[in-house]
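Chain and residue survey
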Amino acid sequence: MKQLIKFSLNHIPRPVLQRIAGWAVPVAGLFYKYRRRGGVECPVCGAKYRKFLPYGYVQPRPNALCPKCLSLERHRLLWLYLTRETDLLTAFPRTLHIAPEVCIMRHLKPHFKSHPGQYVTADLESPLADLHFDVQQIPLADGSVDVVICNHIMEHVADDRRAMRELHRVLKPGGWGIVLSPVDRDYEQTYEDDSITDPDERTRIFGQYDHRRIYGADYADRLRQAGFQVADIDYAATFTEAERRLYALPADHMYVVYKV
Ligand SMILES: [Zn+2]
């Protein structure tokens, strides 16, 4: 299974993958039927399995992808944070969700239906999104949103500092957001090199063919330099070991940004 997923991710074009994932992954999930002891549960969709499917471009991670809603470890951590630690679902703040994680958008969209216009999705090109723009130049007025969710974008963007300033600009004073990126804490400083453009070289150096940098322990500082106050939270550590195993949570930190 691991090899099959690795092969598919590397050799099948992404649009085709997106089209077949809808049925192929749940079918694969049938082989992962729930076992009472040592099983896993997806907090996003509620499905239970023996374990999650492996997933990853270079080296597939075991126990990562929910066969039902396609959530990954970081999506499950994010969903738990949003639902347990914020008032997103109860206060219906005006929310801008950039490059929306499909498994999470599927919940938020119907949930916000009673509050039209309060939940807006955006992407560079995805037809699923309401707005289409480059995050380095957001076509929205200053202080026009209460909440911004923008994950796993900054490592792809040429001028990430400008993109972070744009997120800060469109947020209302008093607003908050979640801005996550892959961070390798073994690096003290973010490593980036604009001269590396070859996809194979980027995979070798940055871990994925379209990544431009590896953020280090200074990631929160970069967000602060854009004007935010930042809470750097080891959120998985607030769960018991049994819960971390049940939901297959990553050790990733949550970066919660605030505009004062
Ligand atoms: Zn799920």
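Parameters and conventions
- Residues numbered from 1 in each chain as written.
- Predicted model: local features only at pLDDT ≥ 70, side-chain atom pairs only at ≥ 80, totals over all residues.
- Heavy atoms only, no water.
- Helix = DSSP H or I, 4+ residues; strand = E, 2+ residues; numbered from the N terminus.
- Buried < 20%, exposed > 50% of the residue type's maximum accessible area, 1.4 Å probe, protein only.
- Contact = heavy atoms within 4.5 Å.
- Areas by Shrake-Rupley, 256 points an atom, 1.4 Å probe, with all protein chains shown as cover.
- Pairing = 2+ DSSP bridges.
- Axes fitted to C-alpha atoms, helices over the stretch in contact; angles between N-to-C directions.
- Donors = N, O, S within 2.8 Å, 3.2 Å for Na, K, Ca; no water.
- Tetrahedral: all angles 85-135°; square planar, octahedral: opposite > 155°, others 65-115°.

Bringing the overall build of the chain into the picture now. Within the chain, the secondary structure is distributed over 9 helices and 13 strands. When burial is assessed residue by residue, the chain has 47% of its 260 residues classed as buried. Looking at the chain alone, contacts between residues at least 24 apart form 62% of all its contacts between residues at least 6 apart. Carbon and sulfur atoms make up 52% of the accessible area of the chain, which totals about 13,400 Å².

Strand order in the open sheet made by the 7 strands is S7-S6-S5-S8-S9-S13-S12, with mixed pairing throughout. One side of each edge strand has no neighbouring strand; the edge strands of this open sheet are strand S7 (131-132) and strand S12 (229-233). Looking at chain direction, strand S9 (residues 171-178) and strand S13 (residues 254-258) are connected through 3 bridges and run antiparallel. The partner of Trp176 across the bridge, within S13, is Tyr258. Helix-sheet contacts for helix H3 (residues 73-85) involve strand S8 (145-150), S9, S12 and S13, and the interaxial angle to S13 is about 40°. With respect to the sheet, helix H5 (residues 102-111) is in contact with strand S5 (95-98) and strand S6 (119-123), its orientation differing from that of S6 by roughly 150°.

Here the zinc ion is held by the protein donor atoms Cys42 (SG), Cys45 (SG), Cys66 (SG) and Cys69 (SG), which lie 2.3 to 2.4 Å from it. Its 4 donor atoms give the zinc ion angles of 105 to 114° at the centre, a pattern that matches the tetrahedral case. All donors of the zinc ion belong to a single chain; written as a sequence motif, their spacing is C-x2-C-x20-C-x2-C. One end of the pair, Cys42, is in the loop between strand S1 (40-41) and strand S2 (48-49); the other, Cys69, is in the loop between strand S4 (61-65) and H3, and 27 residues separate them in sequence.

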